[in-house]
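# Per-entry structural report
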Amino acid sequence: MADVLASPPKTSPAEPGPHHADPAHGEGPVRRDFLKLATGAFTAVGVGVMAWPFIHSMNPSQDVLALASTDVELGPIAVGQAVTVMWRGKPVFVRRRTPQEIQEARAVPVGELPDPATDQSRVKPGKDEWLIVIGICTHLGCVPLGQKPTDARGDYGGWFCPCHGSHYDTSGRVRRGPAPLNLALPDYSFTSDTRVRVG
Amino acid sequence: MADSHHETNEHNDVRRLHDSKVANPLLRWIDQRMPVISMIQLEYGSFPTPRNFNYFWNFGALAMVTLAIMIATGVVLSMQYAAHTMLAFDSVERIMRDVNYGWLLRYAHANGASMFFIVTYIHMWRSLHYGSYKSPRELLWMLGVVLFILMMATAFMGYVLPWGQMSFWGATVITNLFSALPVVGQSIVTWLWGGFSVDNPTLNRFFSLHYLLPFVIVGVTFLHVVALHITGSNNPLGIEPKTKQDTIPFHPYYTMKDSFGIVVFLIVYAVLVFFMPNYLGHPDNYIPANPLVTPAHIVPEWYFLPFYAILRAVPDKLGGVVLMGGALVILFFLPWLDSSPVRSMRFRPITRWLFLLWTVNFFVLGYVGGKPAEQPYILIAQISTAYYFAYFLVILPFLSKFERPLPLPESIAHAVLSRRGGGPLPAGATAKPMEKA
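Cut-offs and rules
- Residues numbered from 1 in each chain as written.
- Chains lettered and ligands numbered in written order.
- Predicted model: local features only at pLDDT ≥ 70, side-chain atom pairs only at ≥ 80, totals over all residues.
- Heavy atoms only, no water.
- Buried < 20%, exposed > 50% of the residue type's maximum accessible area, 1.4 Å probe, protein only.
- Helix = DSSP H or I, 4+ residues; strand = E, 2+ residues; numbered from the N terminus.
- Contact = heavy atoms within 4.5 Å.
- Pairing = 2+ DSSP bridges.
- Salt bridge = Lys/Arg side-chain N within 4 Å of Asp/Glu carboxyl O.
- Axes fitted to C-alpha atoms, helices over the stretch in contact; angles between N-to-C directions.
- Buried area = accessible area lost by both parts, 1.4 Å probe.
- Polar contact = N/O pair within 3.5 Å; in protein donor to acceptor, adjacent residues only side chain to side chain.
- Domains from an automatic or database assignment.
- 1 Å grid on protein atoms, 1.4 Å probe; cavity = no way out; pocket = protein on both sides within 12 Å on 5 of 7 lines; lining within 4 Å.
- Points joined across faces, edges and corners; volume = space filled by probe spheres on them.
- Nonpolar A, V, L, I, M, F, W, Y, C, P; charged D, E, K, R; others polar.

With that settled, consider helix 12 (residues 305-313) of chain B. Residue and element names in this part refer to chain B. Counting buried positions over the nine residues of helix 12 gives eight, a clear majority of the element. Buried within helix 12 are the following residues: Leu305, Pro306, Phe307, Tyr308, Ala309, Ile310, Leu311 and Ala313. Its buried side turned inward, helix 12 meets helix 6 (102-129), helix 7 (138-160), helix 13 (317-337), helix 14 (349-369) and helix 15 (377-399).

Residue and element names in this part refer to chain A. Taking every second residue as pointing to the same face, the buried face of strand 9 (residues 195-198) carries Val196 and Val198, while none of Arg195 and Arg197 on the other face is buried. Where strand 1 (residues 70-73) lies against strand 9, four bridges are found, and the strand directions are antiparallel. Looking at strand 9, one finds that Thr70 is bridged to Val198. Both strand 8 (residues 188-192) and strand 9 contribute to a ladder of four bridges, which runs antiparallel. Across the sheet, Ser192 pairs through a bridge with Arg195, a residue of strand 9. Here strand 8 hands over to strand 9 after two residues, the two strands then running antiparallel side by side.

Residue and element names in this part refer to chain A. Within this structure, the stated rule accounts for 21 salt bridges over all chains. Among the salt bridges present, the one from Glu73 reaches Arg195, with a minimum N-O distance of 2.9 Å. Taken together, the residues Glu73 in strand 1 and Arg195 in strand 9 connect sequence positions 122 residues apart. Here Glu129 makes a salt bridge to Arg96, at a shortest N to O gap of 3.2 Å. Taken together, the residues span a long stretch of sequence, with Glu129 in the loop between helix 4 (99-107) and strand 4 (130-134) and Arg96 in strand 3 (residues 90-96) at a distance of 33 residues. Classification of Glu129 as partly exposed rests on a relative accessible area of 25%. Sharing partners across several salt bridges, the network here consists of Asp71, Glu73, Arg195 and Arg197.

This part takes up the environment of A:Val85. All names here are of chain A. Relative to the helices and strands, Val85 is located in strand 2 (residues 82-87). Sequence-wise, Val85 and Val198 are 113 residues apart; in three dimensions their C-alpha atoms are separated by 9.6 Å. Residues within four places of Val85 in sequence aside, it is in contact with Val72, Lys90, Pro91, Val92 and Val94.

Before going further, it helps to spend a moment on the sheet that holds strand 8 of chain A. Residues and elements named next belong to chain A. Strand order in the open sheet formed by three strands is 1-9-8, and the pairing between neighbours is antiparallel. The two strands at the open ends of the sheet, each matched to only one other strand, are strand 1 and strand 8. Taking the axes of each pair of neighbouring strands and ignoring which way they run, one obtains an average angle of 30 degrees across the sheet.

This part covers the interface of chain B and chain A. Across the boundary between the two partners, chain B contributes 13 residues, which contact 12 residues of chain A. With both sides pooled, the region where chain B packs onto chain A buries about 1,100 Å², and carbon together with sulfur makes up 63% of that total. Of all residues in chain B, B:Asp98, B:Asn100 and B:Tyr101 bury the most surface against chain A, accounting for 46% of the area lost on that side. Here chain B is connected to chain A by one salt bridge. Our count for the contact surface shared by chain B and chain A stands at seven residue pairs in polar contact (both at pLDDT 80 or more).

For the rest of this paragraph, the subject is the domain arrangement of chain B. All names here are of chain B. As far as domains go, chain B holds domain 1 (49-298) and domain 2 (304-408). Distance between the C-alpha centres of domain 1 and domain 2: 22 Å. Taken together, the contact between domain 1 and domain 2 spans 38 residues of the former and 35 residues of the latter. Taken as a group, Leu128, His129 and Lys134 account for 19% of the area that domain 1 buries against domain 2, more than any other trio of residues on that side.

Moving on to the side chain of B:Asn111. All names here are of chain B. Relative to the elements of secondary structure, Asn111 occurs in helix 6. The exposure class assigned to Asn111 is buried, which follows from its relative accessible area of 2%. When near neighbours in sequence (up to four residues on either side) are disregarded, Asn111 contacts Tyr269, Leu272, Val273, Met276 and Pro277.

With that settled, consider the layout of surface pockets. Residue and element names in this part refer to chain B. Estimates place the volume of the second largest pocket at around 930 Å³. In terms of lining residues, the second largest pocket is bounded by 45 residues, among which Gly60, Ala61, His123, His224 and Leu228 are the most central. Among the elements of the structure, helix 4 (59-78), helix 6, helix 7, helix 10 (200-231) and helix 11 (250-275) are those that each provide at least two residues to the lining of the second largest pocket. In terms of residue class, the lining of the second largest pocket is built from 25 nonpolar, 16 polar and four charged.

Structure representation (C-alpha cells):
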C-alpha cells in the first residue's frame, strides 16, 4: 500500500500534456481506471437513490391504500338479486343465486370448461348462494352485463360481455367467447352472516 | 448495386454529411447526420476557457442543475396536485402525508426555489463585479435578465398554488400592482384574475403558467448558452484570452470544478431540505386561504424582499410600481450605462468600493423589505432605493471619467503565472482600452 502511494501518479494514455509522459502506461490497470470506476459506481448508486422517490411517488399513496377494502351489507339483497360495489376503483359483482342457478352451475362437467373450476371452489363453504366476483371481463377489461334483471345474461344465465361477446355462467366462469379466464375472485371474507369485507 | 450507390453518395455529396471524428461506428453514423456529439465535444470538451476562473464561475452550472431539479420535482408534484380552490390546499397536505416521498419532493421543490434564487443572485453579482455584461456580452447579459424576470414570475405563481393565506394575499397584492396603471389598470387586473377577485380562475391559470414558464426558461437558457459560447466566458481579470496559454479545455478542468461545486451545492441544499425545510417559508401559508382575513404582517418570499422594499419606499402607488419595475428594467441598459472599458472591479479602485456598498445596500433593501412598513424602515428603504438607482444612473456613467484604473495585466497567463492574480506588473503604465473579442 505504501509503495502504491509513494509511486508517482500514473495516468492513462488518454491523458493530455507532454509533461505527463510516463513509461508505466499501457501496463494494465492504472490508478485513473480505479478512480473512474469508483466515480462511476458512486454516481450510478446516487442516481438510483435519487430516482427512487420520484418513481415511488407514482405508486399508490397511503390514502389510496387505506381505501383498499370495502364492506358490503348483504341483508337487503333478495334471492336472485345482484348488486355492484366499487372496490379499488373496479366493480365487484355480488349475486345472491337461486337454488336453480347453483344447481345449473354444479351440473356442468368441469372438464368441458375453457378455464376448469368447480362451482364450490368459487364460493365460500356454506355460503353457496353468494357469488362474489370482480366484474371485469378477462378479455379486454369491459364490464359484462347481467347485474340488472333487464340485462342480457348470455346463453348460460350469468353475464354477457357486450364488447366481444363472451358468455359467463352462474358461477362467473367463461363458457364461450374470446375471454380466456373465468371472472376473477376478489379476496373477501364474511365478517358476519350479513356482512362481507372485500379486500 | 446498393453499395456502389452508397459510395458515390459519399464521394459526391460529402458536404451533406458532417465530417465526424467519432470512433464508434454507430455513434459516428448518428453524428454524421446530426452532429450533436461533435457539438458537445466542441462546446463542452475542447471548448477553450480562460484558465483563471474562480468559484464564482460555478454558479451558471449550478443554476442549470437547479432548473433540472425544479422541473423533475415539479413534474411529479403536478401529478398529485389539484388546481382548484376547494382542493388545492388539501391536495398539498395529501402530498405531505400520503404520497410516497411526497414530503421530500415538495420540500425539495419549495427549497429548490430558494436555492435557485441564491445561485442566480450570486451568478448575477459575479457578472456585475467582473463586468461580464460589457461588450461584447451585452446580449448574453440581457438574456440573463430575461431569465431572472421569468424566474420571478414562475416563483411567484408557484407560491400561489398551495392556496394558503400567503399564497392568496401575495397573489392579491402582486396582481393589484397593475391597478396602479392609469385608465386601464383596473381592467387589466380583472383580466389577470379572470373575475373580480383572486379566485379559482386565477389559480387555474397560475398553475398552467407555472408549468409552462419553466420550459420557456429552458429555451432562453439555451439561447443564453449559445450567446455565451460565441463570445466565450469572461474571467476574474476581465481581459480577453489572447493566446492558447490563456485558456484550458473545458473538459476535464471545468467539468471537474463544476462537479465539485455541484456536490457542495447539493450538501447545502440537502441541509435545507432535511433539517430546516420550513426555515425560508412563512408559517401563515399553512393556514388555508381565506378571502375575508388578511394576515397581520404580509411579506413575499425572501428573494423578492429587496424589490418589495423599493415598491414600498415611495408613498405614491404608481410611483412605487414604476420604481420596482424600473429596478429590473434598468438592468437591461446596464451595458450602456457603464462607461468604463475596464471590466473587472479588481482594476477599478473607486467603483469597486461603491459596488461593494451597492451590494450591502441590496441586503439592506432585503432587510427592510421584510420589516413592517413603518419608520425608521421607510426612511432606510428610501435612502437605499436612491442608492440602488444612483449606482446605475450616476456612478457607472460618470465615475469612469475621473477614476484612474489600475494597470491591466498583459495576459491571463502572465497574471496567473506571476502568482498574484491582477497585481501590478511591469508592463504598461496605465490601463489600455479593452480589445474587442
